[in-house]
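Observations on the three-dimensional arrangement
Take a look at the letters that make up each chain.
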Amino acid sequence: MIEFRFAVGDLATTSFAYSPLQETVFSLRCLHDPARYPHHRPWLRRIRPRMESLDRELLTALVAPWLWVPDFLTPRPERARPAFADELDQLRATPPDLVDADFRATYRTEDALPPVVARGLADPTAFLTRIADALDAYWHACLADDWWPRVQSILEADLAHRGRVLTEQGAGALLSGLDSRLSWTGHHLRLVTQGFWARAPWPEPGISIAGRGLVLLPTLFARGAQPLIDPSRPPTLIYPARGRATLSEEPPPVTDRALIRLLGRPRARLLLLLAEPASTTELAHRLDITPGAVSQHLAVLYDAGLLTRTRSGRIVRYARTRLGDDLCR
């Protein structure tokens, strides 16, 4: 068991974020063990031809057989919704000695290091450049256009749900509700490590937040909550995002003829999709139609009182109202 120890004021500095770089790195776990990630199979089939032009030997070696990744590849986000390019710049600034230390901590023994890693660590500076370039190419070839918008909508919906839980039930329910492995005692957040594939050198009795703030990061690539390998890093806890199973869903068919007659097929489909908040662009990706067409239908549904909308930066997200839920039922 791992305990995150909270002092007075630490709960006030606990925050949520998501990381496109983290999801990029964690997505490489699918290459090791596709059976563990069934919801990503349609995406894996799509990207398989594109992987041939990438540095696949290196990308595969960034994940150990027990699915750990070096901590420096998933730095704690500097803000709640960082851009991939900004996080990649943060990665490129990693001290070379940290690259070496994190790979050795991840693979645990010298003999376990893959050949491409063992060769690369002879010159950690050049190796870091190769890693960043490989991740950048992988992001643009396989993720940025059609995968990340859907993943981002799931992560945004998760954060919106956590905000509602905090408002309605308080911090204790929020923290213990992140994963069945977690429990909140009032001063400690306890994480049960039974079932972990391998054990990192986490300290006893636990990890002190000590004014450093705890950042909670949803991901589509973890079956349970997990901390960083190195407990001396800024406290970070990764947990499974709600709704990750929807990644493989096709747009729902509209079978209720009354709903079609009332709204028309395009608006009925949109209303069914909006059980979780989504933006115009995300809905356009899921339905394979233009954002302009989606925007027109959303405006009608919003004016009719079937949708609400909230702004997050430059993104507007829509969700069903109670009346919209009643119509869908």
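Everything here concerns the structure above.
Note that the coordinates shown come from a computational prediction; the quantities given were computed from them, not determined experimentally. (Residues numbered from 1 in each chain as written. Predicted model: local features only at pLDDT ≥ 70, side-chain atom pairs only at ≥ 80, totals over all residues. Heavy atoms only, no water.)

1. Regarding the state of the cysteines
Heads up, the condition is: For this text, the term disulfide refers to a pair of cysteine sulfurs within 2.5 Å. Accessible area is worked out with a 1.4 Å probe on protein chains only. A residue is then buried under 20% of its type maximum, exposed over 50%, and partly exposed in between.
Throughout the structure, instances matching the rule amount to 0 disulfides. Cysteine Cys30 shares no disulfide, and the gap to the nearest cysteine sulfur, in Cys142, comes to 12 Å. Relative accessible area serves as the criterion here: at 1%, Cys30 is assigned to the buried category.

2. What to know about a positive patch on the surface
For the record, the criterion: Like charges are joined within 9 Å and nonpolar side chains (Val, Leu, Ile, Met, Phe, Trp, Tyr) within 5 Å, but only among residues with over 30% relative accessible area and no salt bridge; these make up the patches. Only the protein chains shown count as cover for residues, with accessible areas throughout obtained via the Shrake-Rupley method and a probe of 1.4 Å. The rule for a salt bridge is simple: a side-chain nitrogen of Lys or Arg has to be within 4 Å of a carboxyl oxygen of Asp or Glu. The charge count treats Lys and Arg as positive and Asp and Glu as negative. His and the chain ends do not count. To locate a charge, take atom NZ for lysine, CZ for arginine, CG for aspartate or CD for glutamate. Under the DSSP-based scheme used, a helix requires at least four consecutive residues in state H or I and a strand at least two consecutive residues in state E, with every element numbered from the N terminus.
A contiguous patch of positive charge on the surface is contributed by Arg41, Arg45, Arg48 and Arg56. With respect to the secondary-structure elements, Arg45 resides in helix 3 (residues 41-51). Since its relative accessible area comes to 54%, Arg45 is described here as exposed.

3. Looking at the sheet that holds strand 7 (residues 226-227)
Heads up, the condition is: Strand pairing is defined by DSSP finding a minimum of two bridges between the two strands. Any pair of residues with heavy atoms lying within 4.5 Å of one another is described as a contacting pair. In this analysis an axis means a line fitted to C-alpha atoms, helices contributing only their contacting stretch, and an angle means the value between N-to-C directions, from 0 to 180 degrees.
A sheet is described by the order of its strands in space; here 4 strands give the open sequence 2-6-8-7, paired in mixed fashion. The open sheet has two free edges, formed respectively by strand 2 (15-16) and strand 7, since each of these has just one partner strand. Of the strand pairs in this sheet, strand 6 (residues 215-219) and strand 8 (residues 236-240) are connected by 5 bridges, and their pairing is parallel. The residue of strand 8 that forms the bridge with Thr219 is Pro240. Strands in contact with helix 1 (residues 20-27) are strand 6, strand 7 and strand 8; relative to strand 6, the strand with the most contacts, it is inclined by about 45°. Of the strands in this sheet, strand 2, strand 6 and strand 8 touch helix 9 (residues 148-169), which is tilted by about 105° from strand 8.

4. Here's the deal with the packing of aromatic side chains
Short version of the rule: To pair, rings of Phe, Tyr and Trp, with the six-membered ring standing in for Trp, must have centres within 6.5 Å; the planes then decide the type, stacked if under 30 degrees apart, edge-to-face if over 60, and tilted in the middle. Any Lys NZ or Arg CZ that is within 6 Å of a ring centre and within 35 degrees of that ring's normal is treated as a charge sitting over the ring.
Tallied over the entire structure, the rule returns 11 aromatic pairs. When the centroid spacing of 6.4 Å and the interplanar angle of 65° are considered together, the rings of Trp66 and Tyr107 count as edge-to-face. Of the two residues, Trp66 is situated in the loop between helix 4 (56-61) and helix 5 (84-92) and Tyr107 in helix 6 (residues 96-107); the sequence distance between them amounts to 41 residues. Neither residue differs from the other here; Trp66 and Tyr107 are each classed as buried. Each member of the aromatic cluster is reached from another via a ring pair, and the members are Tyr18, Phe84, Trp139 and Trp148. One cation-aromatic arrangement involves Arg29 over Phe26; the distance from NZ or CZ to the ring centre is 4.2 Å. Lying over the aromatic face of Trp68, Arg108 brings its terminal NZ or CZ to 5.8 Å of the ring centre.

5. As for the packing of helix 12 (residues 265-273) against helix 14 (residues 291-303)
Condition: Angles below 35 degrees are treated as roughly parallel, those above 145 as roughly antiparallel, those between 65 and 115 as roughly perpendicular, and all remaining angles as oblique. Throughout, the ten residues Ala, Val, Leu, Ile, Met, Phe, Trp, Tyr, Cys and Pro are labelled nonpolar, Asp, Glu, Lys and Arg are labelled charged, and all others, Gly among them, are labelled polar.
At their nearest, the axes of helix 12 and helix 14 sit 10 Å apart, and the two run at 75° to each other. It follows that helix 12 is roughly perpendicular to helix 14 by the angle criterion. In this structure, helix 12 uses Pro266, Arg267, Leu270 and Leu271 to contact helix 14, whose residues at the interface are Val294, His297, Leu298, Val300 and Leu301. Residues of the contact of helix 12 with helix 14, tallied by class, amount to 7 nonpolar, 1 polar and 1 charged.

6. Examining the nonpolar core
The line we're drawing: Definition used in this section: a nonpolar core is a set of buried Ala, Val, Leu, Ile, Met, Phe, Trp, Tyr and Cys residues joined via side-chain atoms within 4.5 Å.
Within the largest apolar cluster, 80 residues are counted, with the highest numbers of intra-cluster contacts made by Phe103 and Leu135. Setting aside chain neighbours within four positions, we find Phe103 in contact with Ala61, Leu62, Pro70, Phe72, Leu113, Val117, Leu121, Phe127 and Ile131. Core analysis: the next-biggest nonpolar cluster, separate from the first, contains 17 residues, Ala278, Leu283, Leu307 and Tyr318 among them.

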